[in-house]
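What the coordinates show
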Amino acid sequence: MKVSRERYQHGSVRKVPRSQGFAWEFRFYITAPEGKRKLKVQTFDSMKYPTERDVRMAVEGQLSALNSGTLGGKVAATLGTIIDRYMTDEFPALRHSTQTTNKSLIDLHIKPKWQDVKLSEVTAIAVKQWMDKLPFGAASKVRARNMVSKLLDLAMLWEYIPVNRNPMELIRVKGSTKRQKQITIITPAQFKALVDALPEPYNLMVLVTGCLGLRVSETLGLKWADFNFDECTLSIGQVFTHGKVQNVPKTDASGNEIPVHPKLCEILKEWNGKQQHEHSWVFASVKTGSPYSDATILNNYLKPAAVNLGVQGLGWHTLRHSYKSWMAAAKINPAQMKDLMRHSDIETTMNVYGKTLTPEMRAANSLVAGQLL
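A brief look at the structure comes next. In this text the structure is predicted, and so the values were computed from the model without any measurement. (Residues numbered from 1 in each chain as written. Predicted model: local features only at pLDDT ≥ 70, side-chain atom pairs only at ≥ 80, totals over all residues. Heavy atoms only, no water.)

Observations concerning the overall build of the protein chain
Check the secondary structure of the protein chain and you find 16 helices and eight strands. The long-range share in the protein chain, meaning contacts at least 24 apart out of those at least 6 apart in sequence, stands at 60%. Taken as a whole, the protein chain presents about 20,800 Å² of accessible surface, with 51% of it coming from carbon and sulfur. (Helix = DSSP H or I, 4+ residues; strand = E, 2+ residues; numbered from the N terminus. Contact = heavy atoms within 4.5 Å. Areas by Shrake-Rupley, 256 points an atom, 1.4 Å probe, with all protein chains shown as cover.)

Printed below as a string of structure tokens:
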């Protein structure tokens, strides 16, 4: 019986003449389903890839995938090997905001240091010494550690290294468990004063955010179809963040149905009647037809109005934090707080009970929204 041997391949790159200049050919083998090895050729434009090194860099991820099942591939694998496969297999499925954060972290910090380091040499002490030198705060260092940890988990999943305890679990970041920025909480009276001080439609954005405890990305992403004005309920179907629409909420729980105070329903229906466009967004920019920029509104309108009212450090998330504080002051059951905040983690709101829209939830929301309206 003939036993096939796993082969590690580097592929070959050669220069081929063209009518104008030259091109590169990258030649490699693949194993067909019937077990035969077939030669494949890819061509690269020399204008885009002027040197053989450029071509080699372009096919690195492809070679990593081809060699991932071979012993040689596993021995030679670096963290860069895992990064390339992560960018191909895992990265496209991430939310846009997560993609932006992770790609920046990988390109600017992780790849320059760890691209060519073998997986066996990515140790806890080596990563800790690297992290200690990063010009980051504690929270950013935690993100860097967690990204390396994720890559090592994937290396185990893809069988580049044996399944074992992830060494990143040994690294502790000093100060990471402490909140670095003081939370600003405003009173219902300050909230109403803020709404009164803002021009339309920014006052309505703040009113909706505060009365429903929404994240700003959820407020900006609201569509009229998300509201059931007959039942006075809201089910969030999308968010608007980093200039892009994400057609899924932040978490599964974020899309749960929540009650809307009848008076707020009337205000929104009145606002809908004022619209001079046919866009589906509740808060669409007249100029662009798309949702507004949260940072622009915050810096140009909310913060100046808050400072005039004697409130320092106000941000969009101040309204969500305050919403939770107002519920606590109204002695609302923690389980109802969790459902109204649409948290999915038990530690976030301290309790986990039903997820359905109940009369108790409506009564709880009315205690808060009634004060604000």
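Description of the sheet that holds strand E3 (residues 37–45)
Read across the open sheet, the three strands follow the order E1-E2-E3; overall the sheet is antiparallel. Only two strands of the sheet have a single partner each, and these edge strands are strand E1 (12–17) and E3. Strand-to-strand, the axes of this sheet are offset by a mean angle of 30 degrees, without reference to chain direction. Across nine bridges, strand E2 (residues 22–31) lies against E3 in antiparallel orientation. Looking at the pairing, Glu25 lines up with Thr43 of E3. (Pairing = 2+ DSSP bridges. Axes fitted to C-alpha atoms, helices over the stretch in contact; angles between N-to-C directions.)

What to know about the pairing of E1
By the bridge criterion, six bridges tie E1 to E2 in an arrangement that is antiparallel. Looking at E2, one finds that Ser12 is bridged to Arg27. Between E1 and the antiparallel strand that follows it, E2, lie four residues; Gly21 among them carries a positive phi value of about 85 degrees.

Some details on the sheet that holds strand E8 (residues 258–259)
Taken in spatial order, the three strands of this open sheet run E4-E5-E8, and their pairing is antiparallel. Two strands bound the open sheet, and with one partner strand each, they are strand E4 (227–228) and E8. In this structure, E4 lies alongside strand E5 (residues 233–234), joined through two bridges in antiparallel fashion. Bridge pairing in E5 places Phe227 opposite Leu234.

Some points on the packing of aromatic side chains
All chains considered together, the criterion is met by ten aromatic pairs. The interplanar angle of 90 degrees and the centroid separation of 5.4 Å between the aromatic rings of Phe22 and Trp24 together place this pair among those described as edge-to-face. Residue classification places Phe22 among the partly exposed positions, given a relative accessible area of 25%. Members of the aromatic cluster, connected to one another through ring pairs, are Tyr202, Tyr292 and Tyr301. Of note, Lys15 hangs over the ring of Phe22, and the distance from its end group to the ring centre comes to 4.5 Å. A cation over an aromatic ring shows up here: Lys113 above the ring of Trp114, its NZ or CZ 5.6 Å from the ring centre. (Phe/Tyr/Trp six-rings, centres within 6.5 Å; stacked < 30°, edge-to-face > 60°. Buried < 20%, exposed > 50% of the residue type's maximum accessible area, 1.4 Å probe, protein only. Lys NZ or Arg CZ within 6 Å of the ring centre and 35° of its normal.)

Considerations on the environment of Asp230
Tracing the backbone through its elements, the reader meets Asp230 in the loop between E4 and E5. Residue classification places Asp230 among the exposed positions, given a relative accessible area of 77%. Along the primary structure Asp230 and Pro262 are separated by 32 residues, whereas in three dimensions their C-alpha atoms are 9.7 Å apart.

Examining helix H7 (residues 138–157)
An α-helical turn contains 3.6 residues, so a residue and the one three or four places further along point in the same direction. Look at H7: 28 Å from first C-alpha to last across 20 residues, which is about the 28 Å you get at 1.5 Å a residue. Downstream of H7 by one or two residues, Glu159 has phi in the positive range, about 65 degrees. (Expected span 1.5 Å × (residues − 1).)

Digging into the packing of helix H9 (residues 202–212) against helix H11 (residues 262–274)
Packed helices, taken two at a time, are described by the angle their axes make and the gap between the axes. It is the contact of H9 with H11, at a shortest axis distance of 12 Å, that shows an interaxial angle of 155 degrees. Classed by the angle they form, the pair H9 and H11 counts as roughly antiparallel. Note that H9 runs across H11; the crossing there is left-handed. For the pair H9 and H11, the contacting residues are Leu204, Leu207, Val208, Cys211 and Leu212 in the first and Leu264, Ile267, Leu268 and Trp271 in the second. Along the lines of polarity and charge, the residues of the contact of H9 with H11 split into nine nonpolar, no polar and no charged. (Parallel < 35°, antiparallel > 145°, perpendicular 65-115°, else oblique. Left-handed = near helix turned anticlockwise from the far one by under 90°. Nonpolar A, V, L, I, M, F, W, Y, C, P; charged D, E, K, R; others polar.)

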